[in-house]
Amino acid sequence: GSPGVTTEVRGLSLLLGGCGAVAAVLGWQALLPFFPPDPAGASIAIRLGQGSAALLPGAALLALMVLAQMALRFASGVVDPLAGHDSRLLLVNQRAITNTVEQFALFAPALLALSAGVNAPRMADVMALGAVFAIARLVFWAGYLVAPLGRAFGMAATLTVTLGTLAAAAWFWAH
């Protein structure tokens, strides 16, 4: 294991991760009523458009993260990320941005495939998943800014949404 990582820290990480996974599922379910079925959703083109729209909260959060990093670089005067003068805040932000791009690269095609594969009444699930993904990424970012262990809740929530979306898309396409 990593030096200095105790059994208690690992246990807390697993506990936070488990809570994040449960919160992602509960958040998805809680948001469903906010996305009523659209009769036009019978068209695959409409569903793909709605799926693309469901990605906008995550894209907006990623843009906010990048803008925050740019503002921090400007305010600190550390404009060269390769010079080795980045503060902890700049390093954490960059890692959160990188991880969010990685997660988005998995989530976006899965969500679009799910959008194309479901019927109109299930588009509420797609829209809710897009919102929960963005919220999970925000919680990950905020937690990471507090402490490395703080990212566990948001990371597990993100992983739950992403893997759930991948699995659902595969299932709908296989049936």
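Residues numbered from 1 in each chain as written. Predicted model: local features only at pLDDT ≥ 70, side-chain atom pairs only at ≥ 80, totals over all residues. Heavy atoms only, no water.

A.B. asks: An account of helix α6 (residues 151-174) is needed here, citing residue identities and associated values.
C.D. replies: An α-helical turn contains 3.6 residues, so any two residues separated by three or four positions project in the same direction. Here α6 spans 34 Å end to end across 24 residues, near enough to the 34 Å set by a 1.5 Å rise per residue. Taken as a whole, α6 has its buried residues at Ala152, Gly154, Ala156, Ala157, Thr158, Val161, Thr162, Thr165 and Ala169. Elements that come into contact with the buried residues of α6 comprise α1 (7-31), α4 (88-117) and α5 (123-146). (Helix = DSSP H or I, 4+ residues; strand = E, 2+ residues; numbered from the N terminus. Expected span 1.5 Å × (residues − 1). Buried < 20%, exposed > 50% of the residue type's maximum accessible area, 1.4 Å probe, protein only. Contact = heavy atoms within 4.5 Å.)

A.B. asks: Provide a residue-level description of the environment of Val101, including the pertinent values.
C.D. replies: On the secondary structure map, Val101 appears in helix α4. Assessed through its relative accessible area of 42%, Val101 is described here as partly exposed. Measuring from C-alpha to C-alpha, the distance between Val101 and Arg10 comes to 26 Å, with 91 residues separating the pair along the chain.

A.B. asks: I'd love a proper account of the layout of surface pockets, names of residues and values included.
C.D. replies: The computed volume of the largest pocket comes to approximately 310 Å³. For the largest pocket, the lining is made up of 14 residues, of which Ser13, Pro148, Leu149, Arg151 and Ala152 are closest to its centre. Secondary-structure elements contributing two or more residues to the lining of the largest pocket are α1, α4, α5 and α6. The element best represented in the lining of the largest pocket is α1, accounting for four residues. Across the lining of the largest pocket, the residue classes tally to eight nonpolar, three polar and three charged. Taken as a whole, the second largest pocket holds about 180 Å³ of empty space. Lining of the second largest pocket is provided by 14 residues; of these, Trp28, Leu129, Gly164, Thr165 and Ala168 occupy positions nearest its centre. Breaking the lining of the second largest pocket down by element, the ones donating at least two residues are α1, α5 and α6. (1 Å grid on protein atoms, 1.4 Å probe; cavity = no way out; pocket = protein on both sides within 12 Å on 5 of 7 lines; lining within 4 Å. Points joined across faces, edges and corners; volume = space filled by probe spheres on them. Nonpolar A, V, L, I, M, F, W, Y, C, P; charged D, E, K, R; others polar.)

A.B. asks: Now, about the packing of α4 against α6: what can you tell me, with residues and values included?
C.D. replies: Taken N-terminus to C-terminus, the directions of α4 and α6 make an angle of 30°; their axes are 8 Å apart at the nearest point. With respect to α6, the axis of α4 lies roughly parallel. The handedness of the crossing between α4 and α6 is left-handed. The segment α4 lies against α6, with Asn99, Gln103, Leu106, Phe107, Ala110, Leu111, Ala113, Leu114, Ala116 and Gly117 engaging Met155, Thr158, Val161, Thr162, Thr165, Leu166, Ala168, Ala169, Phe172 and Trp173. (Axes fitted to C-alpha atoms, helices over the stretch in contact; angles between N-to-C directions. Parallel < 35°, antiparallel > 145°, perpendicular 65-115°, else oblique. Left-handed = near helix turned anticlockwise from the far one by under 90°.)

A.B. asks: Any details on the pattern of salt bridges? Residues and values, ideally.
C.D. replies: Taken as a whole, this structure holds two salt bridges when the rule is applied. Residue Asp86 is joined to Arg73 by a salt bridge in which the shortest nitrogen-to-oxygen separation is 2.8 Å. Remark: Arg73 occurs in helix α3 (residues 56-76) and Asp86 occurs in the loop between α3 and α4; sequence separation between them is 13 residues. A single burial state applies to Asp86 and to Arg73, both of which are buried. Of the charged contacts in the structure, one is a salt bridge between Arg122 and Asp125, with a shortest N-O distance of 2.8 Å. (Salt bridge = Lys/Arg side-chain N within 4 Å of Asp/Glu carboxyl O.)

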